[in-house]
Amino acid sequence: MAGSADFDLYRPAEEHDMLRESVRSLAEAKILPFAAAVDEESRFPQEALDALVSSDLHAVHVPETYGGAGADALATVIVIEEVARVCASSSLIPAVNKLGSLPVILSGSEELKAKYLGPLAKGDAMFSYALSEPDAGSDAAGMKTRAVRDGDFWVLNGVKRWITNAGVSEYYTVMAVTDPEKRSKGISAFVVEKSDEGVSFGAPEKKLGIKGSPTREVYLDNVRIPADRMIGAEGTGFATAMKTLDHTRITIAAQALGIAQGALDYAKGYVQERKQFGKPIGDFQGVQFMLADMAMKVSAARALTYQAAAASERGDADLTYLGAAAKCFASDIAMEVTTDAVQLLGGYGYTRDYPVERMMRDAKITQIYEGTNQVQRIVMARNLP
Ligand SMILES: Cc1cc2nc3c(=O)[nH]c(=O)nc-3n(C[C@H](O)[C@H](O)[C@H](O)COP(=O)(O)OP(=O)(O)OC[C@H]3O[C@@H](n4cnc5c(N)ncnc54)[C@H](O)[C@@H]3O)c2cc1C
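Everything numeric in this text was worked out from a predicted model, so none of it was measured.

A. Structural detail: the site of the ligand. Close to the ligand lie 20 residues, the nearest being Ser132, Ser138, Trp162, Thr164 and Thr372. For the ligand, an oxygen atom lies 2.9 Å from a polar atom in the backbone of leucine 131. Note that a nitrogen atom of the ligand is positioned 2.7 Å from one of the side-chain N or O atoms of threonine 164. Against a free-state accessible area of 970 Å², the protein chains account for coverage of 65% of the ligand. Among the detected pockets, the ligand sits in the largest pocket. Secondary-structure elements contributing two or more residues to the shell around the ligand are β1 (127-130), β3 (153-164) and α12 (373-382). Classifying every residue of the shell around the ligand by side-chain character gives 10 nonpolar, 8 polar and 2 charged.

B. Main features of the confidence of the model for the chain. Mean pLDDT over the chain stands at 96; residues scoring 70 or higher make up 97%. For the stretch residues 1-5, pLDDT sits under 50, and the model shows 3 contacts to residues farther than four places along the chain or on other chains.

C. Local environment of the layout of surface pockets. Reported here for the largest pocket is a volume of approximately 1,100 Å³. In this structure, the largest pocket is lined by 42 residues; those nearest its centre are Ser132, Ile368, Tyr369, Glu370 and Gly371. Contributions of two or more residues to the lining of the largest pocket are made by α5 (88-107), β3, α7 (237-273), α11 (355-365) and α12. Counting residues per element, the lining of the largest pocket draws most heavily on α7, which supplies 6 residues. Among the residues forming the lining of the largest pocket, the class breakdown is 22 nonpolar, 11 polar and 9 charged. Looking at the second largest pocket, its volume works out to about 230 Å³. What lines the second largest pocket is a set of 14 residues, among which His61, Ala71, Lys98, Leu102 and Glu313 lie closest to the centre. Looking at the lining of the second largest pocket, the elements with two or more residues in it are α4 (73-86), α5 and α8 (285-314).

Here is what the cut-offs are and how they apply
- Residues numbered from 1 in each chain as written.
- Predicted model: local features only at pLDDT ≥ 70, side-chain atom pairs only at ≥ 80, totals over all residues.
- Heavy atoms only, no water.
- Near = heavy atom within 4 Å.
- Polar contact = N/O pair within 3.5 Å; in protein donor to acceptor, adjacent residues only side chain to side chain.
- Areas by Shrake-Rupley, 256 points an atom, 1.4 Å probe, with all protein chains shown as cover.
- 1 Å grid on protein atoms, 1.4 Å probe; cavity = no way out; pocket = protein on both sides within 12 Å on 5 of 7 lines; lining within 4 Å.
- Sits in = over half its atoms within 2 Å of the grid points.
- Helix = DSSP H or I, 4+ residues; strand = E, 2+ residues; numbered from the N terminus.
- Nonpolar A, V, L, I, M, F, W, Y, C, P; charged D, E, K, R; others polar.
- pLDDT = per-residue confidence, 0-100.
- Contact = heavy atoms within 4.5 Å.
- Points joined across faces, edges and corners; volume = space filled by probe spheres on them.

Next up, the structure:
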(Lines give C-alpha, C1' and ligand atoms only; values in the text may rest on other atoms or scores of the structure.)
Protein backbone atom coordinates (compact mmCIF):
# COMPACT_ATOMS: atom_id res chain seq x y z
CA MET A 1 0.00 0.00 0.00
CA ALA A 2 1.45 3.37 -0.96
CA GLY A 3 1.84 5.81 1.93
CA SER A 4 1.77 9.57 1.40
CA ALA A 5 5.60 9.64 1.26
CA ASP A 6 5.47 7.44 -1.85
CA PHE A 7 3.27 9.95 -3.60
CA ASP A 8 5.75 12.78 -2.97
CA LEU A 9 8.43 10.73 -4.64
CA TYR A 10 6.60 10.35 -7.90
CA ARG A 11 5.26 13.86 -8.14
CA PRO A 12 7.38 15.49 -10.87
CA ALA A 13 9.89 17.92 -9.38
CA GLU A 14 10.63 21.34 -10.86
CA GLU A 15 13.48 19.86 -12.91
CA HIS A 16 11.07 17.32 -14.41
CA ASP A 17 8.71 20.14 -15.41
CA MET A 18 11.59 22.02 -17.02
CA LEU A 19 12.66 18.88 -18.86
CA ARG A 20 9.11 18.40 -20.15
CA GLU A 21 9.01 21.97 -21.44
CA SER A 22 12.27 21.61 -23.31
CA VAL A 23 11.42 18.19 -24.80
CA ARG A 24 8.00 19.47 -25.84
CA SER A 25 9.41 22.46 -27.69
CA LEU A 26 12.08 20.32 -29.38
CA ALA A 27 9.50 17.68 -30.35
CA GLU A 28 7.08 20.25 -31.76
CA ALA A 29 9.80 22.09 -33.71
CA LYS A 30 11.98 19.22 -34.96
CA ILE A 31 9.99 15.96 -34.83
CA LEU A 32 6.33 16.84 -35.41
CA PRO A 33 6.95 18.36 -38.89
CA PHE A 34 8.16 14.96 -40.16
CA ALA A 35 5.80 12.64 -38.27
CA ALA A 36 3.19 12.27 -41.04
CA ALA A 37 5.84 11.70 -43.74
CA VAL A 38 7.72 9.15 -41.63
CA ASP A 39 4.44 7.21 -41.29
CA GLU A 40 3.39 7.64 -44.91
CA GLU A 41 6.79 6.59 -46.28
CA SER A 42 7.51 3.98 -43.58
CA ARG A 43 10.96 5.45 -43.13
CA PHE A 44 13.28 5.79 -40.15
CA PRO A 45 12.85 9.20 -38.46
CA GLN A 46 16.43 10.37 -39.01
CA GLU A 47 15.43 13.99 -38.27
CA ALA A 48 14.17 12.86 -34.85
CA LEU A 49 17.36 10.92 -34.12
CA ASP A 50 19.50 13.93 -35.10
CA ALA A 51 17.39 16.29 -32.98
CA LEU A 52 17.40 13.95 -29.97
CA VAL A 53 21.15 13.33 -30.19
CA SER A 54 21.97 17.02 -30.55
CA SER A 55 19.95 17.73 -27.37
CA ASP A 56 21.28 14.66 -25.56
CA LEU A 57 17.80 13.15 -25.27
CA HIS A 58 18.32 9.92 -27.24
CA ALA A 59 19.41 7.76 -24.27
CA VAL A 60 18.94 9.86 -21.15
CA HIS A 61 18.94 6.84 -18.83
CA VAL A 62 22.68 6.11 -19.28
CA PRO A 63 24.48 6.80 -15.97
CA GLU A 64 26.85 9.77 -15.80
CA THR A 65 29.78 7.45 -15.04
CA TYR A 66 29.54 6.19 -18.62
CA GLY A 67 29.10 9.62 -20.18
CA GLY A 68 25.30 9.69 -20.06
CA ALA A 69 22.81 12.23 -18.72
CA GLY A 70 22.02 9.99 -15.74
CA ALA A 71 18.30 10.76 -15.91
CA ASP A 72 16.06 9.05 -13.37
CA ALA A 73 13.21 6.75 -14.44
CA LEU A 74 10.60 9.53 -14.29
CA ALA A 75 12.72 11.87 -16.41
CA THR A 76 13.13 9.08 -18.98
CA VAL A 77 9.36 8.57 -18.97
CA ILE A 78 8.79 12.28 -19.55
CA VAL A 79 11.18 12.33 -22.55
CA ILE A 80 9.43 9.33 -24.15
CA GLU A 81 5.97 10.69 -23.35
CA GLU A 82 6.67 14.07 -24.95
CA VAL A 83 8.23 12.58 -28.09
CA ALA A 84 5.34 10.08 -28.43
CA ARG A 85 2.85 12.94 -28.13
CA VAL A 86 3.96 14.06 -31.60
CA CYS A 87 5.47 10.89 -33.13
CA ALA A 88 5.24 7.41 -31.61
CA SER A 89 7.84 5.97 -34.02
CA SER A 90 10.42 8.52 -32.86
CA SER A 91 9.71 7.77 -29.19
CA LEU A 92 11.09 4.28 -29.80
CA ILE A 93 14.57 5.81 -30.11
CA PRO A 94 14.94 6.70 -26.39
CA ALA A 95 12.68 3.80 -25.33
CA VAL A 96 14.51 1.01 -27.16
CA ASN A 97 17.93 2.47 -26.34
CA LYS A 98 16.93 1.87 -22.72
CA LEU A 99 15.44 -1.56 -23.42
CA GLY A 100 18.51 -2.77 -25.32
CA SER A 101 21.11 -1.44 -22.89
CA LEU A 102 19.40 -2.05 -19.53
CA PRO A 103 20.53 -5.71 -19.40
CA VAL A 104 24.14 -4.41 -19.55
CA ILE A 105 23.42 -1.75 -16.92
CA LEU A 106 21.68 -4.23 -14.60
CA SER A 107 23.92 -7.28 -15.00
CA GLY A 108 26.92 -6.53 -17.22
CA SER A 109 30.59 -6.43 -16.20
CA GLU A 110 32.37 -3.09 -15.79
CA GLU A 111 34.23 -3.81 -19.05
CA LEU A 112 30.98 -4.31 -20.98
CA LYS A 113 29.48 -1.16 -19.48
CA ALA A 114 32.55 0.91 -20.33
CA LYS A 115 32.73 -0.46 -23.86
CA TYR A 116 29.07 -0.22 -24.88
CA LEU A 117 27.43 2.54 -22.85
CA GLY A 118 29.82 5.29 -23.92
CA PRO A 119 29.03 5.12 -27.67
CA LEU A 120 25.32 4.86 -26.79
CA ALA A 121 25.48 7.96 -24.59
CA LYS A 122 27.37 9.90 -27.26
CA GLY A 123 24.81 9.06 -29.91
CA ASP A 124 27.30 7.07 -31.97
CA ALA A 125 25.37 3.81 -31.56
CA MET A 126 21.84 2.61 -30.79
CA PHE A 127 20.96 -0.51 -28.79
CA SER A 128 18.25 -3.11 -29.56
CA TYR A 129 16.81 -5.97 -27.52
CA ALA A 130 16.45 -9.40 -29.10
CA LEU A 131 14.33 -11.78 -27.04
CA SER A 132 11.41 -12.81 -29.30
CA GLU A 133 11.57 -15.50 -31.98
CA PRO A 134 9.14 -16.77 -34.64
CA ASP A 135 7.93 -19.55 -32.29
CA ALA A 136 8.66 -17.89 -28.96
CA GLY A 137 6.62 -14.75 -28.26
CA SER A 138 4.55 -14.79 -25.07
CA ASP A 139 6.42 -17.98 -24.19
CA ALA A 140 9.82 -16.34 -24.57
CA ALA A 141 11.57 -19.08 -22.57
CA GLY A 142 10.71 -21.45 -25.43
CA MET A 143 13.39 -19.80 -27.59
CA LYS A 144 15.61 -21.91 -29.85
CA THR A 145 18.55 -19.59 -30.59
CA ARG A 146 21.63 -21.47 -29.40
CA ALA A 147 24.95 -20.30 -28.03
CA VAL A 148 27.67 -22.93 -27.82
CA ARG A 149 30.98 -22.41 -26.05
CA ASP A 150 34.13 -22.84 -28.12
CA GLY A 151 37.25 -22.04 -26.08
CA ASP A 152 37.30 -18.30 -25.38
CA PHE A 153 34.32 -17.73 -27.69
CA TRP A 154 30.59 -18.35 -27.93
CA VAL A 155 29.06 -19.29 -31.27
CA LEU A 156 25.46 -18.12 -31.79
CA ASN A 157 22.93 -19.54 -34.26
CA GLY A 158 19.26 -18.72 -34.60
CA VAL A 159 16.58 -16.25 -35.67
CA LYS A 160 15.27 -13.37 -33.57
CA ARG A 161 11.99 -11.86 -34.74
CA TRP A 162 10.26 -8.48 -34.38
CA ILE A 163 13.40 -6.66 -33.34
CA THR A 164 12.77 -2.93 -33.05
CA ASN A 165 15.33 -0.69 -34.73
CA ALA A 166 17.12 -3.77 -36.13
CA GLY A 167 19.58 -2.75 -38.81
CA VAL A 168 19.79 0.80 -37.45
CA SER A 169 21.21 -0.23 -34.07
CA GLU A 170 24.90 -1.08 -33.74
CA TYR A 171 24.41 -3.17 -30.60
CA TYR A 172 21.98 -5.98 -29.67
CA THR A 173 21.32 -7.70 -26.40
CA VAL A 174 20.61 -11.24 -27.57
CA MET A 175 19.14 -13.96 -25.35
CA ALA A 176 20.21 -17.48 -26.35
CA VAL A 177 20.02 -21.01 -24.95
CA THR A 178 23.31 -22.17 -23.43
CA ASP A 179 21.84 -25.24 -21.68
CA PRO A 180 18.74 -26.72 -23.35
CA GLU A 181 18.03 -28.99 -20.35
CA LYS A 182 17.32 -26.08 -18.01
CA ARG A 183 14.72 -24.06 -19.97
CA SER A 184 14.65 -20.48 -18.58
CA LYS A 185 17.67 -21.16 -16.31
CA GLY A 186 19.62 -22.35 -19.37
CA ILE A 187 19.32 -19.00 -21.18
CA SER A 188 22.17 -16.48 -21.25
CA ALA A 189 22.41 -12.91 -22.54
CA PHE A 190 25.09 -11.56 -24.89
CA VAL A 191 26.03 -8.32 -26.59
CA VAL A 192 26.14 -8.86 -30.35
CA GLU A 193 27.35 -6.15 -32.70
CA LYS A 194 25.84 -5.41 -36.08
CA SER A 195 29.31 -5.74 -37.61
CA ASP A 196 29.95 -9.23 -36.15
CA GLU A 197 30.43 -11.72 -38.95
CA GLY A 198 27.26 -13.80 -39.51
CA VAL A 199 24.77 -11.11 -38.40
CA SER A 200 22.17 -10.12 -41.00
CA PHE A 201 18.64 -8.71 -41.11
CA GLY A 202 15.30 -9.55 -42.72
CA ALA A 203 13.14 -7.14 -44.70
CA PRO A 204 11.29 -4.54 -42.59
CA GLU A 205 7.85 -5.79 -41.47
CA LYS A 206 4.88 -4.05 -43.09
CA LYS A 207 3.03 -2.84 -40.02
CA LEU A 208 -0.27 -1.22 -39.02
CA GLY A 209 1.47 1.56 -37.09
CA ILE A 210 4.81 2.82 -35.75
CA LYS A 211 5.81 2.61 -39.39
CA GLY A 212 8.88 4.79 -38.86
CA SER A 213 10.39 2.29 -36.48
CA PRO A 214 12.04 -0.54 -38.40
CA THR A 215 11.02 -4.00 -37.14
CA ARG A 216 13.10 -6.78 -38.66
CA GLU A 217 14.31 -10.30 -38.10
CA VAL A 218 17.89 -10.70 -36.93
CA TYR A 219 19.71 -13.74 -38.32
CA LEU A 220 22.61 -15.19 -36.39
CA ASP A 221 24.62 -17.52 -38.56
CA ASN A 222 27.66 -18.94 -36.72
CA VAL A 223 28.26 -15.60 -35.01
CA ARG A 224 31.49 -16.06 -33.07
CA ILE A 225 31.89 -13.59 -30.20
CA PRO A 226 34.44 -13.33 -27.36
CA ALA A 227 33.30 -15.01 -24.13
CA ASP A 228 33.44 -11.70 -22.24
CA ARG A 229 30.47 -10.47 -24.29
CA MET A 230 28.21 -12.54 -22.05
CA ILE A 231 26.06 -10.29 -19.84
CA GLY A 232 26.24 -11.57 -16.26
CA ALA A 233 26.78 -15.23 -15.44
CA GLU A 234 25.84 -18.16 -17.66
CA GLY A 235 22.18 -19.12 -17.19
CA THR A 236 21.08 -15.72 -15.86
CA GLY A 237 20.03 -14.24 -19.22
CA PHE A 238 16.31 -14.91 -18.89
CA ALA A 239 16.18 -13.46 -15.38
CA THR A 240 18.01 -10.35 -16.66
CA ALA A 241 15.61 -10.12 -19.61
CA MET A 242 12.58 -10.22 -17.29
CA LYS A 243 14.10 -7.78 -14.78
CA THR A 244 14.75 -5.43 -17.69
CA LEU A 245 11.09 -5.60 -18.73
CA ASP A 246 9.98 -4.72 -15.19
CA HIS A 247 11.65 -1.34 -15.72
CA THR A 248 11.02 -0.82 -19.42
CA ARG A 249 7.31 -1.66 -19.52
CA ILE A 250 7.02 1.73 -17.84
CA THR A 251 8.55 3.30 -20.94
CA ILE A 252 5.83 1.65 -23.05
CA ALA A 253 3.27 3.08 -20.64
CA ALA A 254 4.94 6.45 -21.25
CA GLN A 255 4.70 5.98 -24.98
CA ALA A 256 1.00 5.06 -24.71
CA LEU A 257 0.40 8.05 -22.46
CA GLY A 258 2.08 10.40 -24.93
CA ILE A 259 0.08 9.05 -27.86
CA ALA A 260 -3.16 9.46 -25.86
CA GLN A 261 -2.24 13.00 -24.80
CA GLY A 262 -1.43 13.93 -28.40
CA ALA A 263 -4.82 12.66 -29.58
CA LEU A 264 -6.66 14.41 -26.74
CA ASP A 265 -4.86 17.71 -27.42
CA TYR A 266 -5.66 17.52 -31.10
CA ALA A 267 -9.35 16.65 -30.54
CA LYS A 268 -9.70 19.42 -27.93
CA GLY A 269 -8.57 22.00 -30.47
CA TYR A 270 -10.62 20.55 -33.30
CA VAL A 271 -13.99 20.66 -31.51
CA GLN A 272 -13.58 24.41 -30.95
CA GLU A 273 -13.05 25.01 -34.68
CA ARG A 274 -15.49 22.60 -36.29
CA LYS A 275 -19.00 24.00 -36.56
CA GLN A 276 -22.22 22.05 -37.08
CA PHE A 277 -25.79 23.17 -36.38
CA GLY A 278 -24.46 26.74 -36.32
CA LYS A 279 -22.01 26.33 -33.42
CA PRO A 280 -18.71 24.68 -32.49
CA ILE A 281 -19.29 20.98 -31.87
CA GLY A 282 -17.44 21.48 -28.57
CA ASP A 283 -20.55 23.31 -27.33
CA PHE A 284 -22.53 20.06 -27.37
CA GLN A 285 -22.63 18.27 -24.06
CA GLY A 286 -22.27 14.87 -25.75
CA VAL A 287 -18.90 16.01 -27.13
CA GLN A 288 -17.85 17.63 -23.84
CA PHE A 289 -18.54 14.40 -21.96
CA MET A 290 -16.38 12.44 -24.37
CA LEU A 291 -13.49 14.86 -23.87
CA ALA A 292 -13.95 14.78 -20.10
CA ASP A 293 -13.75 10.98 -20.12
CA MET A 294 -10.66 11.05 -22.33
CA ALA A 295 -8.90 13.56 -20.06
CA MET A 296 -9.87 11.59 -16.94
CA LYS A 297 -8.43 8.38 -18.37
CA VAL A 298 -5.20 10.08 -19.43
CA SER A 299 -4.79 11.58 -15.94
CA ALA A 300 -5.28 8.17 -14.32
CA ALA A 301 -2.81 6.53 -16.73
CA ARG A 302 -0.26 9.25 -15.99
CA ALA A 303 -0.61 8.80 -12.21
CA LEU A 304 -0.06 5.03 -12.48
CA THR A 305 2.83 5.43 -14.93
CA TYR A 306 4.63 7.95 -12.71
CA GLN A 307 3.99 5.79 -9.65
CA ALA A 308 5.59 2.86 -11.49
CA ALA A 309 8.52 5.09 -12.56
CA ALA A 310 9.13 6.00 -8.91
CA ALA A 311 9.06 2.30 -8.01
CA SER A 312 11.54 1.61 -10.81
CA GLU A 313 13.88 4.33 -9.58
CA ARG A 314 13.76 3.02 -6.01
CA GLY A 315 13.78 -0.65 -7.00
CA ASP A 316 10.63 -1.29 -4.92
CA ALA A 317 9.44 -4.82 -4.26
CA ASP A 318 6.14 -4.17 -6.09
CA LEU A 319 7.88 -3.00 -9.30
CA THR A 320 6.93 -6.12 -11.29
CA TYR A 321 3.25 -5.58 -10.52
CA LEU A 322 3.35 -1.81 -11.06
CA GLY A 323 5.32 -2.00 -14.33
CA ALA A 324 2.83 -4.49 -15.77
CA ALA A 325 -0.15 -2.52 -14.44
CA ALA A 326 1.10 0.78 -15.86
CA LYS A 327 1.85 -0.72 -19.28
CA CYS A 328 -1.45 -2.56 -19.46
CA PHE A 329 -3.60 0.33 -18.21
CA ALA A 330 -1.93 3.11 -20.18
CA SER A 331 -1.97 1.12 -23.42
CA ASP A 332 -5.66 0.21 -23.05
CA ILE A 333 -6.37 3.90 -22.36
CA ALA A 334 -4.32 4.95 -25.39
CA MET A 335 -6.42 2.70 -27.60
CA GLU A 336 -9.68 4.07 -26.17
CA VAL A 337 -8.64 7.72 -26.26
CA THR A 338 -7.24 7.62 -29.79
CA THR A 339 -10.36 5.81 -31.04
CA ASP A 340 -12.52 8.50 -29.40
CA ALA A 341 -10.34 11.22 -30.95
CA VAL A 342 -11.01 9.75 -34.41
CA GLN A 343 -14.72 9.75 -33.51
CA LEU A 344 -14.63 13.41 -32.52
CA LEU A 345 -13.16 14.37 -35.89
CA GLY A 346 -15.92 12.45 -37.69
CA GLY A 347 -15.10 11.56 -41.30
CA TYR A 348 -12.02 13.79 -41.22
CA GLY A 349 -10.61 11.73 -38.37
CA TYR A 350 -10.73 8.65 -40.57
CA THR A 351 -8.31 10.13 -43.11
CA ARG A 352 -4.57 10.58 -43.16
CA ASP A 353 -5.09 14.32 -43.56
CA TYR A 354 -5.37 14.49 -39.75
CA PRO A 355 -2.95 12.97 -37.21
CA VAL A 356 -5.45 11.11 -35.01
CA GLU A 357 -5.78 8.26 -37.51
CA ARG A 358 -2.01 7.64 -37.23
CA MET A 359 -2.21 7.92 -33.45
CA MET A 360 -4.94 5.28 -33.31
CA ARG A 361 -2.85 2.90 -35.45
CA ASP A 362 0.28 3.65 -33.41
CA ALA A 363 -1.52 3.09 -30.10
CA LYS A 364 -2.36 -0.53 -30.94
CA ILE A 365 1.22 -1.79 -30.63
CA THR A 366 1.46 -0.63 -27.02
CA GLN A 367 -1.07 -3.35 -26.12
CA ILE A 368 1.12 -5.98 -27.81
CA TYR A 369 4.86 -5.51 -27.32
CA GLU A 370 6.98 -6.03 -24.21
CA GLY A 371 4.38 -8.69 -23.48
CA THR A 372 0.75 -8.56 -24.61
CA ASN A 373 -1.82 -7.14 -22.21
CA GLN A 374 -2.99 -10.70 -21.54
CA VAL A 375 0.56 -11.51 -20.44
CA GLN A 376 0.62 -8.34 -18.28
CA ARG A 377 -2.48 -9.61 -16.51
CA ILE A 378 -0.75 -12.94 -15.88
CA VAL A 379 2.24 -11.02 -14.45
CA MET A 380 -0.03 -8.87 -12.26
CA ALA A 381 -2.00 -11.87 -11.01
CA ARG A 382 1.23 -13.60 -9.98
CA ASN A 383 2.50 -10.48 -8.20
CA LEU A 384 -0.62 -9.00 -6.61
CA PRO A 385 0.26 -6.29 -4.09
C1 LIG B 1 6.20 -3.87 -33.90
C2 LIG B 1 6.77 -4.86 -32.92
C3 LIG B 1 7.97 -4.59 -32.28
C4 LIG B 1 8.54 -5.52 -31.40
N5 LIG B 1 9.77 -5.26 -30.84
C6 LIG B 1 10.41 -6.26 -30.16
C7 LIG B 1 11.77 -6.11 -29.77
O8 LIG B 1 12.40 -5.07 -29.98
N9 LIG B 1 12.38 -7.16 -29.15
C10 LIG B 1 11.74 -8.33 -28.90
O11 LIG B 1 12.35 -9.24 -28.34
N12 LIG B 1 10.43 -8.50 -29.25
C13 LIG B 1 9.76 -7.51 -29.89
N14 LIG B 1 8.44 -7.66 -30.28
C15 LIG B 1 7.78 -8.94 -30.00
C16 LIG B 1 6.61 -8.81 -29.04
O17 LIG B 1 7.06 -8.64 -27.75
C18 LIG B 1 5.74 -10.09 -29.24
O19 LIG B 1 5.08 -9.94 -30.48
C20 LIG B 1 4.75 -10.26 -28.12
O21 LIG B 1 5.40 -10.60 -26.94
C22 LIG B 1 3.70 -11.35 -28.46
O23 LIG B 1 4.29 -12.50 -28.96
P24 LIG B 1 3.68 -13.16 -30.31
O25 LIG B 1 3.62 -12.08 -31.32
O26 LIG B 1 4.46 -14.37 -30.62
O27 LIG B 1 2.19 -13.55 -29.92
P28 LIG B 1 1.70 -14.92 -29.24
O29 LIG B 1 2.54 -15.21 -28.04
O30 LIG B 1 1.57 -15.95 -30.29
O31 LIG B 1 0.25 -14.48 -28.75
C32 LIG B 1 -0.90 -14.50 -29.59
C33 LIG B 1 -2.12 -14.18 -28.73
O34 LIG B 1 -2.25 -15.21 -27.71
C35 LIG B 1 -2.33 -14.61 -26.43
N36 LIG B 1 -1.70 -15.48 -25.44
C37 LIG B 1 -0.50 -16.14 -25.55
N38 LIG B 1 -0.27 -16.84 -24.43
C39 LIG B 1 -1.30 -16.59 -23.59
C40 LIG B 1 -1.65 -17.01 -22.26
N41 LIG B 1 -0.83 -17.82 -21.55
N42 LIG B 1 -2.81 -16.59 -21.72
C43 LIG B 1 -3.63 -15.75 -22.41
N44 LIG B 1 -3.36 -15.32 -23.66
C45 LIG B 1 -2.22 -15.73 -24.23
C46 LIG B 1 -1.57 -13.29 -26.58
O47 LIG B 1 -1.96 -12.36 -25.57
C48 LIG B 1 -2.00 -12.86 -27.96
O49 LIG B 1 -3.25 -12.22 -27.90
C50 LIG B 1 7.84 -6.73 -31.12
C51 LIG B 1 6.62 -6.98 -31.76
C52 LIG B 1 6.10 -6.08 -32.65
C53 LIG B 1 4.82 -6.42 -33.36
